[in-house]
Amino acid sequence: MNHASSNSLVIAEAAKCIGCKACELACFAVHNRDNGVGTAVGTVTMPVLPRLYVIRTDSFTMPVQCRQCENAPCAGACPVQAIRQQDGVIAIDAEACIGCKACALACPFGAISLYKAYSGGAELPQPLLQERRDSKLQRKTRITAYKCDLCRNTEIPGGSAAGGDAGGRGASAAAAQDRNPYPACVAVCPEKALQLVEVGTGSSRSLNREGVIF
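Rules used throughout
- Residues numbered from 1 in each chain as written.
- Predicted model: local features only at pLDDT ≥ 70, side-chain atom pairs only at ≥ 80, totals over all residues.
- Heavy atoms only, no water.
- Phe/Tyr/Trp six-rings, centres within 6.5 Å; stacked < 30°, edge-to-face > 60°.
- Helix = DSSP H or I, 4+ residues; strand = E, 2+ residues; numbered from the N terminus.
- Buried < 20%, exposed > 50% of the residue type's maximum accessible area, 1.4 Å probe, protein only.
- Salt bridge = Lys/Arg side-chain N within 4 Å of Asp/Glu carboxyl O.
- Contact = heavy atoms within 4.5 Å.
- Disulfide = S-S within 2.5 Å.
- Core = buried A, V, L, I, M, F, W, Y, C linked by side-chain atoms within 4.5 Å.

An unreviewed UniProt entry lists the chain under the name 4Fe-4S ferredoxin-type domain-containing protein, with Paenibacillus graminis as the source organism.

Dropping the structure here:
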């Protein structure tokens, strides 16, 4: 089988997961810098909206995230073609998403969630649709689908500060940034329960928090 064009994915090992939810917080932080998340303690004005989530039962805990399906049923279900394969990732175009929930229903892993959209830390209103609140009509908040995008087009926290540090933590972060962008959840997991599997290369890797600060 030729894996040259196969999508990478993050896999989880339930036996290692301790349910700390560090992965959820790291995911939320790196995807919401434009919303003011991560700039200072106490400045977060929006709910935590991770693109993976930790499930807990009486017998195990484990993160659940997108598998980047090769024949992505979510993309097939989307009526406006807002889900496409880009650079080895099944990605959602938030601008094109109409919040119809078809992708979430089609996903066999339950890895797609629909949340309110935010811009600048505030709820993003729809251009036309209104709802009655406080006895008056107000523009309804836009809803969009969220899923794991393997942290494509996100920056590794601490990377810029790593430039002047030839050794230790800074060098570690810089070296990691030189490679393909890796998911924040993988980098932050203290038990290395998450791994990025790069199908095309046949490799997998996990990173701990050394050299990476979220």
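(A) Spatial organisation of the packing of aromatic side chains. Tallying each qualifying case throughout the model produces 1 aromatic pair. When the ring of Y115 is compared with that of Y146, the centres are 5.4 Å apart and the planes differ by 55°; the resulting orientation is tilted. Pair noted here: Y115 is in strand β6 (residues 113-116) and Y146 is in strand β11 (residues 143-146), with a separation of 31 residues, a long-range link. Among the residues examined, Y115 registers a relative accessible area of 26% and is labelled partly exposed.

(B) Highlighting the pattern of salt bridges. The final tally for this structure, using the stated rule, is 4 salt bridges. Note that K116 and E123 form a salt bridge whose closest N and O atoms lie 3.2 Å from each other. Residue K116 is classed as partly exposed on the basis of its relative accessible area, which comes to 37%. The shortest N-O distance in the salt bridge between R133 and E131 comes to 3.3 Å.

(C) Looking closely at the side chain of S113. Assignment of secondary structure puts S113 in strand β6. If near-sequence neighbours (up to four positions away) are discounted, S113 is found in contact with T144, A145 and Y146.

(D) Just the side chain of S8, in detail. With respect to the helices and strands, S8 occurs in the segment before β1 (9-12). Non-local contacts of S8, meaning those with residues more than four positions away in its chain, are made with Q68, G88, L150, L196, V197, E198 and V199.

(E) Broad picture of the state of the cysteines. Throughout the structure, instances matching the rule amount to 0 disulfides. The structure places no disulfide on C78, whose sulfur is separated from the nearest cysteine sulfur, that of C100, by 5.9 Å. For C78, a relative accessible area of 11% corresponds to the buried category. Its sulfur unpaired, C151 is 6.1 Å from the next cysteine sulfur, which belongs to C27.

(F) Seen up close, unusual backbone geometry. Unlike most non-glycine residues, Q68 shows phi in positive territory, near 55°. Assignment of secondary structure puts Q68 in the loop between β3 (61-64) and α2 (73-77). Of note, K192 is a non-glycine position whose phi angle comes to about 55°, a positive value. Along the chain, K192 turns up in the loop between α5 (184-188) and β12 (194-198).

(G) Seen up close, the nonpolar core. Ranked by internal contacts, the top residues of the largest apolar core, which has 28 residues, are V10, C74, C185 and L194. When residues of this core are traced back to their parent elements, those giving at least two are α1 (22-31), β5 (89-92), α5 and β12. In this view, V10 contacts Q65, C66, L150, P183, C185, V186, L194, Q195 and L196; residues no more than four positions away in its chain are not counted. Formed by 7 residues, the second largest nonpolar core is a distinct cluster that contains A29, L49, Y118 and Y146.

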